[in-house]
Amino acid sequence: MEADSLALAATAPPSHTGVILIPKIPHLEFCLACRELVPEFRDRKPNALVQVAVLDAHEQGIIAYACTEVVEGTRDPLFLTGVSLSPDWPVYEESLIKLSVYDVKDKSHQTSSFLGSASFSVADLLKSKDQQLSLSLRTADDSAAVGTVVVCRLKMGEIEDGEVDHIAADTHQKCTLVCESGTTNDKDNGPLMNAVFKNPVCKVYRFQTVDSKLMLVREQMAECTLSFSIPMQLLGLFIQEDSCRIQDLNDLGELSPHWDNLRRDVITRYSQLIKTYQDTLAELEKLTGPAFKPSCSKAQKYLEFIPINLHTQRMRVTCPRKTDSFYDVITVGAPAAHFQGFKNGGLQKLLSRYEAEKKSYSTAYQCIYYSPENTAKAREILSTVAQLQPLICGLADRLLLATQQRSSHTLRDALKSLAEKTEQFVHALKDELVKSALLALHAARPGYVSKSQMSSQPEAHSTPTQNQSQILNPNQTPEPDAVVCNNVAGSQSPPKRENPPPPKRQDIPHHKEYDEEEWDRVWANVAKSLNCVIAMVDRLQEQDNNKQESTPDQALADVITSHNPATDWRDQLSPLVVALKDCVSEVAERASKSMTFVLLQKASCSTPYGLQLQQRRDTVFSQALAALACGFVMRLYAGIEDKGFLRQLHSVGVVAQFESLLSTYSEEIGMLEDMEVGISDLQRVTFRITEAASDDPTNLQPTVTGRRDHYTVEVPLPLQAFQTLPDELRQGKLLQVIPVLFNVGINEQQTIAERFGDISLQERINQRNFDILEAYYKSLSTKVPLECLPCFQTQADVKELLETLGQNVVTKKRKNVEILWLAGAICRRLNGIRFTSCKSAKDRTSMSVTLEQCALLRDEHQLHKDYFVRALDCMRRHGCRIENVQKNIKCRKYAFNMLQLMAFPKYYRPPEGTYGKVDS
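Residues numbered from 1 in each chain as written. Predicted model: local features only at pLDDT ≥ 70, side-chain atom pairs only at ≥ 80, totals over all residues. Heavy atoms only, no water.

Trainee: What am I meant to see in the overall build of the protein chain here?
Mentor: Each helix and strand in the protein chain was counted, giving 28 helices and 18 strands. Burial status across the protein chain gives 57% buried among its 920 residues. By sequence separation, contacts in the protein chain at least 24 residues apart represent 77% of the contacts at least 6 residues apart. By element, 50% of the accessible surface of the protein chain is carried by carbon and sulfur atoms, the whole surface being about 39800 Å². (Helix = DSSP H or I, 4+ residues; strand = E, 2+ residues; numbered from the N terminus. Buried < 20%, exposed > 50% of the residue type's maximum accessible area, 1.4 Å probe, protein only. Contact = heavy atoms within 4.5 Å. Areas by Shrake-Rupley, 256 points an atom, 1.4 Å probe, with all protein chains shown as cover.)

The following block contains the structure:
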């Protein structure tokens, strides 16, 4: 009989429709031990394993549910791996649980012989003294007893103080260390967690500490609804943004034939990209089932925006006389464009090559070359204009409304807001790029003739020449006196407004010689109009104050002669406010068209594969953002009552530390290059906490808004939780997340790269992100008291850990996994969000997560040194990570072979019998 087949191969819970709400704790958790086992052959001690099966009270069938680890060479085994019956299973008091004990003969071949079995009902356990049962094990024919099995119910958070002299002695005494009294504040499965995290898998263990006590440990792994909801929202935003871009290009108006052809080509390609995204979104909307993408689907076209194998994992530790501790990690496949492949490298290499080749493309397509900094600035200006113009118009209307109230305080507040946003608007357009782009756009109009051409020939060809492109080169540094509008007060009066334009009105005049100073005047008119509004408000308030200081008789006369003072204020202020709104609209329209023209150049120069590169970047970013949103939500939920963490969150933000185990060889170089750009792009993301409309799970789902240059993720909280937040968070302050990435390859391909290849990519990533992490810590140290940070048993502080990490980053050492250990420790001490990734978040990730969990048990909870390897073996053989493997590939084997494992660092090797050649 194969022990492995008895374990968990058929443990998938029954499917249910609708939303499954997880109860406060799993229905039933218990640990097992055996005494006086009688082996098949008297001359050897058994290697015991217990298989647990549940009799479904309604289906009347036996379901293989779980098994313990193998305890070798003893007749009195104490099993470290407990049993946690999933909340998805309907366990009733009449439900029967069958325990079958096997003697494992050969781990490598997974052969075993049956010793005996015993059964009990849930009611028997719950009603027994101390919630503990001692059951006689009987042979298959019930002819003889072959020992005793002891069942003890476990409750996380409820453990008595007691001592154990030796782990192998007096099994009954050790089982009674778990008591039944008390209550549990279970952070694992509250209503908040249930709204976003689904289908949990729980595993429980009991381990001995250095002072001969027992700790209880629970692993809980769950899927996250954001795996699909965030990418689907992003796809909708991509479609909306690209559709707006097409509209902006059409709004440029009439262009010369050359530029018009380029515009049509760009619009065609944007339309194709939109169609691709629409098809992908339509396919995703059809999907039902699990809330994660399995590793075997990582290269499927319609799933390319979905993160690979995204799961949360929480370890909860209960020790005598101590508060329960929680340790979270998000596991996800490296954000990468698997469908597009890695034949030509990943994003980092492709983007570098693209920028290097874009200048030659600009010459070939007769475009104007704009640097990446200028194109990024153009997007930023477009975003600022789109945000501020309607805001200014709204504030202007609010100012007029305030005049009706005749309240100086209300009027001043409205004026202050209007002035702040208008000054912000003016400052955003104080850029030489806008001025040069306006001239470039004018040159692209039909019939354009430069000043030099006017003196030499009557007509000019509409296609820009190389010399013209040099004249319009926006990347030349302007002279100091060329900076726009340093002296607003000294600017000339604005030109008189023209008569109503025809339907296809062009804001850039079509006369043959363009007045380059016109933009300065138009732009300065905004500031002038604002000054006029401010002056009028001051005058009106001054007049009002003078009236209040006049004699009562004079005040009465004023009232008699004045028909409606509020109307007078509004009538006097309204023309100035209208003029301000008109100036803002005119400047916004010109600036938007000029920046759209800049982006047209970029799109025109990128004909060969520019939009394909954009699609790749969108794909990688979508995967990265889904993982980040999942991690942020989990960290927020865990720290919702931690005032120190909340203060840190709104003061300096929170660090998101991504650990990667990719090699720098072959295809994984491309994956790492994709991941580097995707994680870096997360700097464009902020979070905002909002009040949920209700406690319904659908109203607790995070939402994404924005465009490619900046996104905001809004995380709703129920009213009761939202009201406890600091004022800064309740007022909607944008929250920063600082992403950092550290990579150390550990497999046999990394061995090849270190000996014969190039690991400079890994070295550069680690150094760059160390600098970011160090800068974040310095900022945090100056703005947040160190008392806000969590306390750990280990004495090394963050500053010492950072110094050690910096030394390791620059040290030339093969497979220096200490970099990952130090980065993870620093992240936890900084209240950060931990992520662990490899290609599929299944095999190498499982080794890393279990190693980190056992290291935390050793360093923070005094796990006995003799039990470190045993605990590691239990978690890898029977814990949540092997369940993750089963969910992904329907097989309980890590995808390693013996040759690969010889190249792995010692503590990253799985236990014997848990690995083999499988499709991953």
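Trainee: Hey, could you run me through the nonpolar core in this one?
Mentor: As a rule of thumb, nonpolar side chains are buried together in soluble globular proteins. Counting 141 residues, the largest nonpolar core has Phe197, Phe425, Phe632 and Leu717 as its most contacted members. If one sorts the elements of this core by residue count, helix H15 (residues 565-605) sits on top with 16 residues. Taken domain by domain, this core gets at least three of its residues from each of domain 2 (288-341 + 611-690 + 736-908) and domain 3 (372-446 + 522-538 + 568-606). Residues contacting Phe632, with those up to four places away along its chain left out, are Leu649, Val654, Phe687, Val715, Leu735, Val737 and Ile833. Residues Phe770, Leu822, Ala823 and Leu857 belong to the second largest nonpolar core, which totals 60 residues. (Core = buried A, V, L, I, M, F, W, Y, C linked by side-chain atoms within 4.5 Å. Domains from an automatic or database assignment.)

Trainee: Which parts of the structure should I look at to understand the pattern of salt bridges?
Mentor: Note that side chains of opposite charge can pair when their charged atoms are close. Tallying each qualifying case throughout the model produces 40 salt bridges. Note that Lys581 and Asp397 form a salt bridge whose closest N and O atoms lie 2.9 Å from each other. Residue Lys581 is located in helix H15, and its partner Asp397 is located in helix H8 (residues 372-405); the two are separated by 184 residues in the primary sequence. Its relative accessible area of 21% is what places Lys581 among the partly exposed residues. Take Asp397: its relative accessible area is 40%, and that puts it in the partly exposed class. Look at the salt bridges and you will find they share partners, linking Glu241, Asp242, Arg245, Asp618 and Arg708 into a network. (Salt bridge = Lys/Arg side-chain N within 4 Å of Asp/Glu carboxyl O.)

Trainee: Explain unusual backbone geometry to me, please; I cannot follow it from the model alone.
Mentor: Keep in mind that most residues, glycine aside, have a negative phi and that most peptide bonds are trans. Backbone geometry places Gln131, a non-glycine residue, at a positive phi of 50°. Relative to the helices and strands, Gln131 resides in the loop between helix H2 (122-127) and strand E7 (132-138). Overall, Gln131 belongs to the buried group, its relative accessible area being 8%. Of note, Ser212 is a non-glycine position whose phi angle comes to about 60°, a positive value. Looking at the secondary structure, you find Ser212 in the loop between strand E9 (197-208) and strand E10 (214-224).

Trainee: Honestly, the environment of Ala428 in this entry has me stumped. Any pointers?
Mentor: In this structure, Ala428 sits in helix H9 (residues 408-428). Separated by 40 residues in the primary sequence, Ala428 and Leu388 have C-alpha atoms spaced 9.9 Å apart. Residue contacts for Ala428: discarding those within four places in its chain leaves Ile381 and Thr384.

Trainee: Got a minute to help me understand the packing of aromatic side chains in this structure?
Mentor: The description of an aromatic ring pair uses the distance of the two centres, along with the angle that the planes make with each other. Throughout the structure, instances matching the rule amount to twelve aromatic pairs. Judged by centre distance (5.4 Å) and plane angle (90°), the rings of Tyr277 and Phe305 are edge-to-face. With Tyr277 in helix H6 (residues 257-286) and Phe305 in the loop between H6 and strand E11 (311-318), this pair connects stretches of sequence that are 28 residues apart. For Phe305, a relative accessible area of 1% translates into the label buried. Aromatic rings pair up to connect Phe238, Tyr277 and Phe305 into one cluster. Taking the ring centre of Phe621 as reference, the NZ or CZ of Arg684 above it sits at 4.9 Å. Its end group placed over the ring of Phe792, Arg829 keeps NZ or CZ at 4.5 Å from the ring centre. (Phe/Tyr/Trp six-rings, centres within 6.5 Å; stacked < 30°, edge-to-face > 60°. Lys NZ or Arg CZ within 6 Å of the ring centre and 35° of its normal.)

Trainee: What is the right way to look at the packing of H8 against H9 in this model?
Mentor: Packed helices, taken two at a time, are described by the angle their axes make and the gap between the axes. Where H8 meets H9, the closest approach of the two axes is 9 Å, and the angle between their N-to-C directions is 160°. Between H8 and H9, the angle falls in the class roughly antiparallel. The two elements H8 and H9 cross, and the hand of that crossing is left-handed. When grouped by side-chain class, the residues that make up the contact of H8 with H9 number 15 nonpolar, seven polar and three charged. (Axes fitted to C-alpha atoms, helices over the stretch in contact; angles between N-to-C directions. Parallel < 35°, antiparallel > 145°, perpendicular 65-115°, else oblique. Left-handed = near helix turned anticlockwise from the far one by under 90°. Nonpolar A, V, L, I, M, F, W, Y, C, P; charged D, E, K, R; others polar.)

Trainee: Explanation requested: the sheet that holds strand E18 (residues 833-837) in the structure shown.
Mentor: Hydrogen bonds along the backbone pair up the strands of a sheet, which may run parallel or antiparallel. Pairing is mixed in the open sheet, where ten strands are placed in the order E9-E10-E11-E12-E18-E13-E17-E14-E16-E15. Single-partner strands in this sheet number two, and they are E9 and strand E15 (703-707). Geometrically, the sheet is characterised by an average inter-axis angle of 25° between neighbouring strands, direction not taken into account. (Pairing = 2+ DSSP bridges.)

Trainee: Honestly, the confidence of the model for the protein chain in this entry has me stumped. Any pointers?
Mentor: Should the pLDDT be low somewhere, the predicted coordinates at that spot are not to be read in detail. On average, the protein chain scores 82 in pLDDT, and the residues at 70 or more come to 80%. Overall, residues 451-512 carries pLDDT values under 50, and its contacts beyond four positions in sequence, including any with other chains, amount to 94 contacts. Contacts of residues 559-563 to residues separated by more than four positions or lying in other chains number one contact, the stretch itself having pLDDT below 50. (pLDDT = per-residue confidence, 0-100.)

Trainee: What am I meant to see in the side chain of Lys593 here?
Mentor: Residue position: Lys593 is located in helix H15. Here the side chain of Lys593 touches Asp251 through a polar contact of 3.3 Å, landing on its backbone oxygen. (Polar contact = N/O pair within 3.5 Å; in protein donor to acceptor, adjacent residues only side chain to side chain.)

Trainee: Please clarify how helix H18 (residues 667-681) should be interpreted in this entry.
Mentor: Its 15 residues place the ends of H18 22 Å apart at the C-alpha level, agreeing with the 21 Å of an ideal helix rising 1.5 Å per residue. Of all 15 residues making up H18, twelve are buried, and the element is well covered by its neighbours. Restricting attention to buried positions, one finds in H18 the residues Glu668, Gly670, Met671, Leu672, Glu673, Asp674, Met675, Glu676, Val677, Gly678, Ile679 and Asp681. (Expected span 1.5 Å × (residues − 1).)

Trainee: Teacher, can you tell me more about the environment of Arg688 here?
Mentor: Following the sequence through the fold, Arg688 ends up in strand E14 (residues 685-691). Here Arg688 falls in the partly exposed class, since its relative accessible area comes to 23%. Residues contacting Arg688, with those up to four places away along its chain left out, are Thr712, Val713, Glu714, Val715, Gly732, Lys733 and Leu734. At 3.0 Å, the side chain of Arg688 forms a polar contact with the side chain of Glu714. Here Gly732 takes part through its backbone oxygen, which lies 3.1 Å from a polar atom of the side chain of Arg688.

Trainee: Please clarify how the environment of Glu69 should be interpreted in this entry.
Mentor: Along the chain, the position of Glu69 falls in the loop between strand E3 (62-67) and strand E4 (83-85). As a C-alpha pair, Glu69 and Leu80 span eleven residues in sequence and 7.4 Å in three-dimensional space. Excluding residues within four positions of it along the chain, Glu69 makes contact with Ala48, Leu49, Leu78, Phe79, Leu80, Thr81, Arg870, Cys874 and His878. Here the side chain of Glu69 touches Leu80 through a polar contact of 2.7 Å, landing on its backbone nitrogen. A distance of 2.9 Å separates the side chain of Glu69 from the side chain of Thr81, its partner in a polar contact.

Trainee: What exactly am I supposed to notice about a nonpolar patch on the surface here?
Mentor: Together, Tyr665, Ile752 and Phe756 make up an exposed nonpolar region whose accessible area comes to about 320 Å². Position of Ile752 relative to the elements: it lies in helix H21 (residues 748-756). (Patch = residues over 30% accessible without salt bridge, like charges linked within 9 Å, V, L, I, M, F, W, Y side chains within 5 Å.)

Trainee: When you look at the packing of helix H23 (residues 798-810) against helix H24 (residues 818-829) in this model, what are you seeing that I'm missing?
Mentor: For the pair H23 and H24, interaxial distance at closest approach is 9 Å and the crossing angle is 155°. Accordingly, the angle class assigned to the pair H23 and H24 is roughly antiparallel. Considering how the two elements wind past one another, H23 and H24 form a crossing that is left-handed. Contact residues: Val798, Leu801, Leu802, Thr804, Leu805, Asn808 and Val809 in H23; Glu818, Ile819, Leu822, Ala823, Ala825, Ile826 and Arg829 in H24. Residue classes in the contact of H23 with H24 are distributed as ten nonpolar, two polar and two charged.

Trainee: Explain the pairing of E18 to me, please; I cannot follow it from the model alone.
Mentor: Working note: regular strand, side chains alternate between the two faces of the sheet. Along E18, five of the five residues are buried, which leaves the element largely enclosed by surrounding structure. Across the two faces of E18 the burial is the same, with Ile833, Phe835 and Ser837 and Arg834 and Thr836 all buried. Summarising the sheet, strand E12 (residues 325-331) and E18 pair through two bridges and their orientation is parallel. Each residue of the ladder has a partner; that of Thr331, found in E18, is Thr836. Sheet topology places strand E13 (residues 654-660) next to E18; five bridges connect them, and they run parallel.

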